[in-house]
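Summary of structural features
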Amino acid sequence: MSMRRHGFWIGALCVLALAYGLTLAIRNEYAFFAGFIILQFIVLATAWNILGGYAGYVNFGTSAFFGIGVYTAIFLFKALGAPLLVQMAGAAVMGALLGFVTGLLTLRLHGIFFSIATVAMTIILETLVINWKYVGGATGIQVLRPPVTEPFDSYIKMLFVIGVALVIVAVALSRHVQGSWIGRGLRAIRDDETAAECTGVPTLRLKLLACSISGALMCAAGAPSAMYLQFADTTSAFNLNYSVSALAMSLIGGTSHWAGPVLGAIVLGVTQQALTVTISSELNVLVLGVMLILFVVGAPEGLLGLLRKGWARLARGGGS
Amino acid sequence: MFSFELLLDAVVLGVMLGCFYAAVSIGLSVSFGLLDVPHVAHPAFLVLGAYGAYALNQAGWDPIVAGIVLTPLFYVLGVVAYRVYFETFEKRGSDAGVRGLAFFFGVTFIVEVGIIMVFGVDQRTVQAGYIGKAIDIGDVRIPMRMIAAFGGALALTLALTAYFSLTFSGRAIRAVAQDEIALRLMGANPLKVKQLAFGIATAVVAVAGALLIIVGPVEPTTHRVYIGRTFCVVVLAGLGSMHGTLVAGIVLGVVESIVLTLYGASWAPAISFAMLLVVLAIRPQGMFGR
């Protein structure tokens, strides 16, 4: 076990080094501009899966967390001039708090009621921010990036490396949750919450924990977005597309393993970026919807399930 | 700032708005309330109905007539949607919660993008003789479009209430909601009954969509606000209660209208969602729950 854990961290360090290497090797900033969006979706999908995939609570409020992340960052930047990492940390704290509140909702609400309540939360928070003039209200707010610090030569490249680091944190957390008693408890909740409670699984504590971790990651993913766009408004920060994407990427990738959302986010994210550039941004929402339905109907285990099946067939074919 | 006339205005408009909310929610009251289908695509169908009415209105039709003409089409749409949902989720009985929800969210986004691709992202309105005029009753000035929507909404709600209590198939639908196994033991086919019910619930949405575009301009993303309004009304009513839907709609309409008058329009979208959260927290079975 410890060998595997070391393996993961060595791999993570290699990825981070590779990411930094890329910022030195590639001149074209657009690659990082597009890449950052995909990294953002990997974090969102991974975070969503901690609650939605492991515990079976469909959180449709990813956009609420993302938006709160964006606006926490803006508030900290405008009020205190906080640097990016502090903004992200602040957003993570806010996200954990908001996640805790969401977790309390699960006390009374299950299934579709929980999902609708999270949509409600999104719209209510968006309305609050719209009416909060200090951070720009409905018209939005411009943000001036501070000068980039060494060892990076452009802000986008720095954001890209930070994005990679955040992905590593998210995946490490998701992987830890999945492998530990927390993940086993969450799966018990997903299969039968009453039975889990009766056999002594601390369901409320586990759900609160899962909600807080998931919320903190989602908000942290939203925080750099203000600096990335140098602008924020409520419509795009609380855009429901984040909710759909996080859910769709997890379900398409496969929800039972931490690699599922990562795979789903990469496949869908790359497709979407390609479609947005070549055809139109409407079309990528359409592709998302169609793929979501196809996978939910035809491949309930997601891409991972398909791969596993294909692998098993290959192995059997080779044996006989 | 605060005057009695203003409040009276708000309440009268709120009641009319409320009947309209009941009309747009009553289909959901059947599909989600009676059949337990997590039909989050309902508001998207509603906007689809509104755009259908818009398209026929461009050809010179009255929007309400257009809505009625579209009902058979929506009936078929509903039957197909339910059939797919049943075959893939209810029949297998596996994990219908997460994936069923995801399925309808997927449908929602396909409908939204479909509308954007055909009609574009601009706001659309309909033309008719009665739109744009207003009448005065005492001190209260009421726009004709609200009265048209009010009348249509009332007729729709009463017709459905009558259908569910007076006709044989209407009672069968209520029976399948109460006890599916008993229905099966009586020799009836629950699938057929539910399919009929979902078809009717969707057909009604065509007319409700026409009312939606009479009341105000519609854009492809309008359905997002109506997720809150329709689910708020259905949950507040108590799942599957038809007269409850009317009462709950009026409650939401009046509250929204008063808040709008006192605090301004920017708070409006949050009201239905906040009410929904409060109801879910305090009385999840609603006012007339089964």
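Moving on, we come to the overall build of chain B. Of the regular secondary structure elements, chain B holds 11 helices and two strands. Written out in order from the N terminus, the α and β elements of chain B read α-α-α-α-β-β-α-α-α-α-α-α-α. On C-alpha atoms alone, chain B measures out to a radius of gyration of 19 Å, which is about the 19 Å that the 2.2 N^0.38 rule sets for 290 residues. Along the first, second and third principal axes, the C-alpha atoms of chain B reach 60 × 45 × 35 Å. Relative to its full complement of 290 residues, chain B shows a buried share of 54%.

As a further point, take the interface of chain B and chain A. Each side of the interface is counted separately: chain B has 37 residues, and chain A has 34 residues. Here chain B packs against chain A, burying approximately 3300 Å² in sum over the two surfaces, 85% of which is carbon and sulfur. Run the count over chain B and chain A and you get zero residue pairs in polar contact (both at pLDDT 80 or more). Counting residues per element, the ones that place at least two in the side of chain B that touches chain A are helix H3 (63-90), helix H4 (96-119), helix H9 (223-237) and helix H11 (268-282) of chain B.

Next up on the list: the pairing of strand S1 (residues 134-137) of chain B. Residues and elements named next belong to chain B. As defined by bridge partners, S1 adjoins strand S2 (residues 140-143) across four bridges and the pair is classed as antiparallel. Note that in S2 the partner of Ile-135 across the bridge is Ile-142. Two successive antiparallel strands, S1 and S2, enclose a turn made up of two residues, where Gly-138 displays a positive phi of approximately 60 degrees.

Here we take up helix H9 (residues 203-222) of chain A. Taking 1.5 Å of rise per residue, 20 residues should cover 28 Å, and H9 of chain A covers 28 Å from first to last C-alpha, within 8% of that figure. Along H9 of chain A, 17 of the 20 residues are buried, which leaves the element largely enclosed by surrounding structure.

This part takes up a nonpolar patch on the surface. All names here are of chain B. Nonpolar side chains collect at one region of the surface, where Val-247, Val-251, Val-255, Met-287 and Phe-288 lie side by side and expose about 320 Å² of accessible area between them. By the element assignment, Met-287 lies in the segment after H11. You can call Met-287 partly exposed: its relative accessible area is 33%.

Residue and element names in this part refer to chain B. As for its position among the elements, Ile-271 is in helix H11. Under the relative-accessibility criterion, Ile-271 is labelled buried at 9%. Once the C-alpha coordinates of Ile-271 and Tyr-226 are considered, the two residues, 45 residues apart in sequence, prove to be 12 Å apart. What Ile-271 contacts, discounting residues up to four positions off in sequence, is Val-255, Glu-256 and Val-259.

Below, the discussion takes up the pattern of salt bridges. Taken as a whole, this structure holds seven salt bridges over all chains when the rule is applied. Between Asp-191 of chain A and Arg-190 of chain A there is a salt bridge, and its shortest N-O distance comes to 3.8 Å. Owing to a relative accessible area of 61%, Asp-191 of chain A belongs among the exposed residues under this scheme. Across the pair Glu-256 of chain B and Arg-229 of chain B runs a salt bridge whose closest N-O atoms are separated by 3.1 Å. On the criterion of sequence distance, the pair formed by Glu-256 of chain B in helix H10 (residues 242-263) and Arg-229 of chain B in helix H9 is long-range, its members being 27 residues apart. Both residues of the pair, Glu-256 of chain B and Arg-229 of chain B, belong to the buried class.

Where H3 of chain B bends most, the angle comes to about 40 degrees, and this point is Thr-71 of chain B, followed within four residues by the proline Pro-72 of chain B. A distance of 3.0 Å separates the backbone nitrogen of Ile-64 of chain B from a side-chain oxygen at the start of H3 of chain B, and that oxygen is part of Asp-62 of chain B.

This part covers the packing of helix H2 (residues 29-52) of chain A against helix H13 (residues 259-278) of chain A. Residue and element names in this part refer to chain A. The N-to-C vectors of H2 and H13 enclose an angle of 140 degrees; their axes lie 9 Å apart at closest approach. The crossing of H2 and H13 is right-handed. Listed contacts from H13 to Tyr-30, Ala-34, Ile-37, Ile-38, Phe-41, Ile-42, Ala-45, Thr-46 and Asn-49 of H2 are Pro-261, Val-262, Ala-265, Ile-266, Gly-269, Val-270, Gln-272, Gln-273 and Val-277. Broken down by class, the residue content of the contact of H2 with H13 amounts to 13 nonpolar, five polar and no charged.

Moving on, we come to unusual backbone geometry. The residue Gln-230 of chain A is not glycine, and still its phi comes out positive at about 60 degrees. If you trace the backbone, Gln-230 of chain A turns up in the loop between helix H10 (225-229) and strand S2 (231-232). With a relative accessible area of 31%, Gln-230 of chain A lands in the partly exposed category. Located in the positive-phi region is Asp-36 of chain B, a residue other than glycine, with phi close to 60 degrees.

This part is about the packing of aromatic side chains. If you walk through the whole model with that rule in mind, you get 28 aromatic pairs over all chains. Between Tyr-71 of chain A and Phe-238 of chain A the ring centres are 6.2 Å apart and the planes differ by 20 degrees, which places this aromatic pair in the stacked class. Here Tyr-71 of chain A, found in helix H3 (residues 62-80), pairs with Phe-238 of chain A, found in the loop between helix H11 (234-237) and helix H12 (240-253); they are 167 residues apart in sequence, far enough to count as distant. The buried category is assigned to Tyr-71 of chain A, whose relative accessible area is 4%. With relative accessibility at 2%, the residue Phe-238 of chain A sits in the buried group. Note on Phe-113 of chain A and Phe-32 of chain B: the rings are 5.7 Å apart at their centroids and 55 degrees apart in plane angle, and the pair reads as tilted. Taken together, the residues Phe-113 of chain A in helix H5 (residues 111-130) and Phe-32 of chain B in helix H1 (residues 4-34) connect one chain to another.

Counting 210 residues, the largest nonpolar core has Tyr-71, Ile-74 and Leu-186 of chain A together with Phe-20 and Phe-231 of chain B as its most contacted members. Sort the elements by how many residues they give to this core and helix H8 (residues 190-215) of chain B lands first, with 17 residues. Apart from the residues lying within four places of it in its own chain, the contact partners of Phe-231 of chain B are Ile-112 and Ile-116 of chain A together with Leu-28, Phe-32, His-39, Val-40, Tyr-226 and Leu-276 of chain B.

Attention shifts here to the side chain of Asp-233 of chain A. Here Asp-233 of chain A lies in the loop between S2 and H11. In this structure, Asp-233 of chain A is buried with no salt-bridge partner, the nearest side chain bearing the opposite charge being Arg-224 of chain B at 12 Å. Of the polar contacts made by the side chain of Asp-233 of chain A, one reaches the side chain of Ser-236 of chain A; its length is 2.3 Å. Contact partners of Asp-233 of chain A, with chain neighbours within four places excluded, come to Tyr-71 and Gly-140 of chain A.

Definitions and cut-offs
Residues numbered from 1 in each chain as written. Chains lettered and ligands numbered in written order. Predicted model: local features only at pLDDT ≥ 70, side-chain atom pairs only at ≥ 80, totals over all residues. Heavy atoms only, no water. Helix = DSSP H or I, 4+ residues; strand = E, 2+ residues; numbered from the N terminus. Rg over C-alpha atoms; globule rule 2.2 N^0.38 Å. Buried < 20%, exposed > 50% of the residue type's maximum accessible area, 1.4 Å probe, protein only. Contact = heavy atoms within 4.5 Å. Buried area = accessible area lost by both parts, 1.4 Å probe. Polar contact = N/O pair within 3.5 Å; in protein donor to acceptor, adjacent residues only side chain to side chain. Pairing = 2+ DSSP bridges. Expected span 1.5 Å × (residues − 1). Patch = residues over 30% accessible without salt bridge, like charges linked within 9 Å, V, L, I, M, F, W, Y side chains within 5 Å. Areas by Shrake-Rupley, 256 points an atom, 1.4 Å probe, with all protein chains shown as cover. Salt bridge = Lys/Arg side-chain N within 4 Å of Asp/Glu carboxyl O. Bend = angle between axes of the 7 residues up to and from the residue. Axes fitted to C-alpha atoms, helices over the stretch in contact; angles between N-to-C directions. Left-handed = near helix turned anticlockwise from the far one by under 90°. Nonpolar A, V, L, I, M, F, W, Y, C, P; charged D, E, K, R; others polar. Phe/Tyr/Trp six-rings, centres within 6.5 Å; stacked < 30°, edge-to-face > 60°. Core = buried A, V, L, I, M, F, W, Y, C linked by side-chain atoms within 4.5 Å. Lys, Arg positive; Asp, Glu negative; His and termini not counted.

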